Amino acid sequence: DYFQTIKREFGAKELRFIDSYFSIQNESVHYILDQIKQYRIAVFAGILLMKKKDYIKFLNKYVNSILLGLETASDFALKNIKKGYTWDDIQKAVDQMIRHMDRNIFLEISTILDLPFRDEEDVKTNYQRVLDIKERLEDAGFRVGIHMNILSLFPNLALLTRKPSY
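Residues numbered from 1 in each chain as written. Predicted model: local features only at pLDDT ≥ 70, side-chain atom pairs only at ≥ 80, totals over all residues. Heavy atoms only, no water.

Enquirer: I tried to follow the overall build of the protein on my own but got confused; where do I start?
Expert: The number of helices and strands found in the protein is eight helices and five strands. Sequence-ordered secondary structure for the protein, helices as α and strands as β, is α-β-α-β-α-α-β-α-α-β-α-β-α. A buried classification covers 40% of the 166 residues belonging to the protein. Put simply, 74% of the contacts in the protein that link residues at least 6 apart link residues at least 24 apart. (Helix = DSSP H or I, 4+ residues; strand = E, 2+ residues; numbered from the N terminus. Buried < 20%, exposed > 50% of the residue type's maximum accessible area, 1.4 Å probe, protein only. Contact = heavy atoms within 4.5 Å.)

See below:
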């Protein structure tokens, strides 16, 4: 078994899928996940997908850990990095998680530290919102961590060449 070899040879403790667009309608995806569900499985999930009850039910069936791609809770930063969602969407996603997600799934909230913020108050509000999300989820019975990333700049990244909107 390929995954057993990876575990044995490399000491892997879980399988991580860093792709938030598993097609839950695709029978092949379900087939593959059914074949490996005895392993600890972690996936990346984006905010917009977490607003969908059927996607959360799908994750409940297969996943032990979710890396939640929050990135930031600042509408200013979200707009500037063109994430396609807002603070309101984040709150709706958290509401859906509290309503429908299995409490045995570990949640790791992923944030990016050095995004473009409007001002010092926006930075403070952002971090308070992230902490509020963590507290809401913990109060609802989840185990939650925060994963903080430094923005990695790639040569073709729009943030390098685009003039800020502020």
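From this point, the narrative continues.
Enquirer: Just checking my understanding: could you explain the pairing of strand β3 (residues 65-71) for this structure?
Expert: Each regular strand displays side chains that alternate between the two surfaces of the sheet. Taking burial as the measure, the seven residues of β3 include seven buried ones, the bulk of the element. Burial along β3 is two-sided: Ser65, Leu67, Gly69 and Glu71 and Ile66, Leu68 and Leu70, pointing in opposite directions, are all buried. Judged from the five bridges that link them, strand β2 (residues 41-46) and β3 form a sheet pairing that is parallel. By the bridge assignment for β3, Ala45 is matched with Leu68. Relative to strand β4 (residues 106-112), β3 runs parallel, the two sharing six bridges. In the sheet register, Gly69 faces β4, and the bridge partner there is Ser110. (Pairing = 2+ DSSP bridges.)

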